[in-house]
Amino acid sequence: MEPVITQEMIGDSPRMWRLYLRVGPSDLHVMLYNIATDNMLIHRRIPIDTSEGLVKGLEQAVYDNPALLGDFSRVEVVVETMRFTLIPNEIDDEETRRKIYDTVCPAGDVAEEVIYNQLPGLDCLLAWGADAELIRFLRRTFNNPRMHCHLTPLSRYFHDKSRIGNSGKMYAHLRDGAVDVMSFGRDTVRLANTYPIHDTMDAAYYIIAARKALDLNPQSDELLLAGDARERERLMPILREYLAYVMPAIFPSLMYKAGKEALETPFDLIVLPLCE
């Protein structure tokens, strides 16, 4: 198969670039970002053949694109998972944290590794699990990759934005087959969850149900939508029948200089360089 990411795109100095990956159940999103030069962001979606399992398919996708194996200045990996929970920072011993995680996410058929992502300013961490074989492959293939749950960059970024203004805010991030929903207090997470969806009405249902559970005011508390632009356009008129303030999340101004491909890159990858 012809590579989607070529060495010519990167040139002879991969140390000038950062590599960002998002591993989903059926595709790999790649973002290459040269922070020293404007208009130097590359995004590609690489389908994963999962006929022999996700890990085998991911291995093949990476080895079909050997330019991804370069010595980049930084490697950040976002993993989509439905196995996660929030744990207060005051619980600081590994054994207790793992007991909490295992209670919320009982062991399945596949051996997994549990990873902890700190959420600065929110007095908690996000504990998440993924196939241990997948994590081992990522660690032995890439140079010291930093691992993130898909909710980690979104929570860090949106919490910072939620502190602007006085109205309550909820954020919904739309992507293939799921909607990520978040809401924050001044220094707490009120909600950070992912709901599987099959269509636009599923997304509307989960968003409205989550707002009711948090007692957000439909007339004054805002809802900001990020992620897939086409799905946002379908969803906004439905939600505006019930909510007064439904708006698209503003694209991060600092990333406009990265070039036009930034606008087509998954939102969680785009905000990750802003959360470091």
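Refer to the preceding data block for the structure.
Below you will find a few notes about this structure. (Residues numbered from 1 in each chain as written. Predicted model: local features only at pLDDT ≥ 70, side-chain atom pairs only at ≥ 80, totals over all residues. Heavy atoms only, no water.)

### What to know about the packing of helix H6 (residues 200-213) against helix H7 (residues 229-239)
Geometry of a packed helix pair, given as the angle between the helix axes and the separation of the axes. The interhelical angle for the contact between H6 and H7, taken along N-to-C directions, is 55°, at an axis separation of 10 Å. By the angle class used here, H6 and H7 are oblique. Once H6 is placed against H7, the crossing between them reads as right-handed. When H6 is examined against H7, the residues Thr-200, Met-201, Ala-203, Ala-204, Ile-207 and Ile-208 are found in contact with a partner set consisting of Glu-231, Arg-234, Leu-235, Ile-238 and Leu-239. Tallied by class, the residues present in the contact of H6 with H7 amount to 8 nonpolar, 1 polar and 2 charged. (Axes fitted to C-alpha atoms, helices over the stretch in contact; angles between N-to-C directions. Helix = DSSP H or I, 4+ residues; strand = E, 2+ residues; numbered from the N terminus. Parallel < 35°, antiparallel > 145°, perpendicular 65-115°, else oblique. Left-handed = near helix turned anticlockwise from the far one by under 90°. Contact = heavy atoms within 4.5 Å. Nonpolar A, V, L, I, M, F, W, Y, C, P; charged D, E, K, R; others polar.)

### Here's the deal with the sheet that holds strand S7 (residues 124-131)
Taken in spatial order, the 3 strands of this open sheet run S5-S7-S6, and their pairing is antiparallel. The outermost strands of the open sheet, each flanked by one partner alone, are strand S5 (84-88) and strand S6 (112-119). Averaged over all pairs of adjacent strands, the angle between their axes in this sheet comes to 25°, without regard to strand direction. Together, S6 and S7 form the strand contacts of helix H4 (residues 132-141), whose direction differs from that of S7 by roughly 95°. (Pairing = 2+ DSSP bridges.)

### Some thoughts on the side chain of Asp-221
Tracing the backbone shows Asp-221 in the loop between H6 and strand S12 (222-227). One buried charged side chain, Asp-221, makes no salt bridge at all; its nearest oppositely charged neighbour is Arg-211, positioned 5.3 Å away. A distance of 2.7 Å separates a polar atom in the side chain of Asp-221 from the backbone nitrogen of Asn-217. Asp-221 has contacts with Ser-167, Gly-168, Arg-211, Leu-216 and Tyr-245, leaving out every residue within four places of it along the chain. (Buried < 20%, exposed > 50% of the residue type's maximum accessible area, 1.4 Å probe, protein only. Lys, Arg positive; Asp, Glu negative; His and termini not counted. Salt bridge = Lys/Arg side-chain N within 4 Å of Asp/Glu carboxyl O. Polar contact = N/O pair within 3.5 Å; in protein donor to acceptor, adjacent residues only side chain to side chain.)

### Concerning the environment of Asp-49
Secondary-structure assignment places Asp-49 in the loop between strand S3 (41-47) and helix H2 (54-63). Sequence-wise, Asp-49 and Cys-275 are 226 residues apart; in three dimensions their C-alpha atoms are separated by 31 Å. Side-chain polar atoms of Asp-49 contact the side chain of Ser-51, separated by 2.9 Å.

### A few points about the packing of H2 against H4
Between H2 and H4, whose axes approach to 9 Å, the crossing angle comes to 20°. Here H2 is positioned roughly parallel relative to H4, judged by the angle of their axes. The way H2 lies across H4 gives a crossing that is right-handed. Contacts from Leu-54, Val-55, Leu-58, Glu-59, Val-62 and Tyr-63 of H2 reach H4 at Glu-133, Leu-134, Phe-137, Leu-138, Arg-140 and Thr-141. Looking at the contact of H2 with H4, its residues break down into 8 nonpolar, 1 polar and 3 charged.

### Examining unusual backbone geometry
With phi around 60°, Asn-39 is a residue other than glycine that occupies positive phi space. When you line up the elements, Asn-39 lands in the loop between strand S2 (27-33) and S3. Residue Asn-39 is classed as exposed on the basis of its relative accessible area of 57%. Phi angles above zero are rare outside glycine, and Asn-144 is one such case at about 50°. When you line up the elements, Asn-144 lands in the loop between H4 and strand S8 (146-149).

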